[in-house]
Amino acid sequence: MTIDTESRRHLNVPCPFCNLLCDDLVIENRKGKLKVSQHGCHLAKKQFEQEQPGVTPRIGKKDCTLEDATRAAAKILKRSKQALIGGLGTDVNGARAALQLTEKASAIIDHMHSDAAFRNLDVMQNHGWVMTTMAEIKNRADLIIFAGTDANTNYPRFFERVIYPNDSLVNANKKNRQIVYIGENLNIAPAKKAGGKQPINLECRQDKIGEVTSTIHAIAAGQEIVKHAIGSITLAQLKELTELIQQAKYGVIVWAPGELNFPYAELTVQSISELVKYLNRTTRFSGFTLGGNEGGMTANQVTAWQSGYPSRVSFAKGYPEYDPYRFSAWQLLRNKEIDALLWISSFSAPIEIARPRIPTIVLAAPSIRINFTPDIFIPVSTPGINHVGQIIRTDSVVSLKLRKIQESQHPSVSEVLNQITNQYR
Ligand code: SF4
C-alpha cells in the first residue's frame, strides 16, 4: 500500500534490478502508482510497476506489530547456537546492519548468490586478475568476447548502454567493434542488429569454454596444438580468433559467473583470467564480469570493508572467521548445520528454501514469493523505490545512490535489523 497523494515525474532514476544499475530511467509516480515511461527494460518495468501489498509483520500466521516481530526474532537468534544471516538482498546500510547483527548473534553471514561470486573470488584471491569497467569498454574496446554469456538475457540494456551507446568518447570504436560469442544458447541478435561488423559465433558447451580459452592461450604462446577441434570449434577457427585477439588494441573478455553454472567453473574463470594476463605482454586486454545482482556485489564489499573477508564469514568464535567452503549458506542449509535462519530479500529474488525445519525469520518485500511459512515474517521496503540507499555496480568501481520515488508503510531492512540488534543491549 502506498500513501502518495500527488503525481510526480522522476528523471534519471537509478534501477537496482540488475547490477548494471542504469541511472537514466524516467518514472512517473501517479498518486502512488509507478510507471516507467522511458529507458526501463522489461525487468525494470516489472519490478517498479509491481504493486506492493500493504501487509503487517506476522508471527506464524498471526499479524503482529513490528516491535513484537523484532522481539520474537531476537529471541530466536539468542536461543540459537549457530544461526545463518543469509539472502542479503539489500543495500549498503542493510548489509552493514546485517553484519552488525551477525556479530552480536555469533552467526554466519553469506549472500544468496555467493556460489556464483566465489567462482570469481577464488581466482581473484589466489591468482589476481586484470579487469576493466563499463566506461572503459564503452569508450575504448575494439574487440569484445562474450564467454558463456550473451550479456543480454540477464542484463537487458548492456548493449544499449555499453556496446552500442548513443555517445562514447571514441565513436570510431563503436562502429568497428568486433563481437565474438563463445558458448551455448547465446542470443547473438543484439550484435547482429547493431549494423556494425557481423558477430563471430563459436558454439560450444559452457563447460568447454575453459578449454577454448586455454587453447587460445597456448596458440598465442606459440605452442603446437595437436587437437583438431574443441566440440564443433575447429583449430583453424581458434587460430583465426587468436590472431584477432593479438591484433586488438583494447580487447575485453566478458563473462557472468552465475551463467557458468557447472562444477569447478572457477577453473574456467581462471583460464580466462590467465589468458587476459598473458595477452597484456603484447597488447591491452582486460576481463569484465557481470554479476552481483540482488545486492550481491554490495554485500561482498561491505563484508570485506568490515571483516576483511568478502562473504561466508562466521562470528561464532567472537572474531571473523572466513571459510568459503564450510560457511556457504546453501551448503549449511543442505547439511542442516544451522539451528536458526534469518533471510533477507528486499529487491526481487523469490525465496526458495527446501523445507527449513528450523526457526526462520524472513525480511522481504511484500510481493516476494516465499515457498514456506516463516516463523516470523517482516515486510520491508525496497531500496531505490521506497527509500534512499547506496549500491555497488557490477564492475565494483562505482557505487550509486538510490532514490526514494514512492512512499511505503514498510521499514527498511537496516531499520528492522537495527531493532533486532538493539535487543542485545
Ligand atoms: S538493464 Fe538492469 S539496471 Fe538497466 S533498467 Fe534493466 S534491470 Fe534495470
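Residues numbered from 1 in each chain as written. Predicted model: local features only at pLDDT ≥ 70, side-chain atom pairs only at ≥ 80, totals over all residues. Heavy atoms only, no water.

1. So, the domain arrangement of the chain
Right, so step 1: Here the chain is partitioned into domain 1 (54-113 + 294-422) and domain 2 (117-289).
Right, so step 2: Here the C-alpha centre of domain 2 lies 34 Å away from the C-alpha centre of domain 1.
Right, so step 3: Taken together, the contact pairs 12 residues of domain 1 with 10 residues of domain 2.
Right, so step 4: The interface formed by domain 1 and domain 2 includes 4 residue pairs in polar contact (both at pLDDT 80 or more).
Right, so step 5: Class assignment for the residues of the side of domain 1 that touches domain 2 results in 5 nonpolar, 4 polar and 3 charged. (Domains from an automatic or database assignment. Contact = heavy atoms within 4.5 Å. Polar contact = N/O pair within 3.5 Å; in protein donor to acceptor, adjacent residues only side chain to side chain. Nonpolar A, V, L, I, M, F, W, Y, C, P; charged D, E, K, R; others polar.)

2. Considerations on the environment of Tyr322
Right, so step 1: Within the secondary structure, Tyr322 sits in strand β16 (residues 321-322).
Right, so step 2: Along the backbone, Tyr322 and Gly308 are 14 residues apart, and their C-alpha atoms lie at a distance of 9.0 Å.
Right, so step 3: Beyond its immediate stretch of four places on either side in the chain, Tyr322 contacts Phe118, Gln125, Tyr309, Pro310, Ser311, Arg312, Val313 and Phe327. (Helix = DSSP H or I, 4+ residues; strand = E, 2+ residues; numbered from the N terminus.)

3. Looking at the packing of helix α3 (residues 92-104) against helix α14 (residues 413-422)
Right, so step 1: In the contact formed by α3 and α14, the axes pass within 8 Å of each other and the chain directions differ by 20 degrees. Classified by the angle between their axes, α3 and α14 sit roughly parallel to one another. At the point where α3 passes α14, the crossing takes the left-handed sense. The segment α3 lies against α14, with Asn93, Gly94, Ala97, Ala98, Gln100, Leu101 and Lys104 engaging Val413, Ser414, Leu417, Asn418, Ile420 and Thr421.
Right, so step 2: A breakdown of the residues in the contact of α3 with α14 according to their chemical character gives 6 nonpolar, 6 polar and 1 charged. (Axes fitted to C-alpha atoms, helices over the stretch in contact; angles between N-to-C directions. Parallel < 35°, antiparallel > 145°, perpendicular 65-115°, else oblique. Left-handed = near helix turned anticlockwise from the far one by under 90°.)

4. Structural notes on the pairing of strand β13 (residues 250-255)
Right, so step 1: Extensive coverage of β13 is indicated by the burial of 6 of its 6 residues.
Right, so step 2: Alternating residues of β13 divide into Tyr250, Val252 and Val254 and Gly251, Ile253 and Trp255, and every residue in both groups is buried.
Right, so step 3: Bridging between β13 and strand β14 (residues 284-289) involves 6 bridges; their strand directions are parallel. Within β14, the position partnered with Tyr250 by the bridge is Arg284.
Right, so step 4: Taken together, β13, helix α11 (residues 265-279) and β14 constitute a β-α-β crossover, and its handedness is right-handed. (Buried < 20%, exposed > 50% of the residue type's maximum accessible area, 1.4 Å probe, protein only. Pairing = 2+ DSSP bridges. Right-handed = clockwise from strand over helix to strand, strands pointing away.)

5. Side note on the sheet that holds strand β15 (residues 313-314)
The strands that make up a sheet pair up through hydrogen bonds in the backbone, lying either parallel or antiparallel.
Right, so step 1: Here we have 9 strands laid out as an open sheet, ordered β5-β4-β19-β18-β17-β6-β7-β15-β16, and mixed in their pairing. Each end of this open sheet is capped by a strand with a single partner; those strands are β5 (62-63) and β16.
Right, so step 2: Here 2 bridges tie β15 to β16, and the two strands are oriented antiparallel to one another. By the bridge assignment, Ser314 is partnered in β16 with Glu321.

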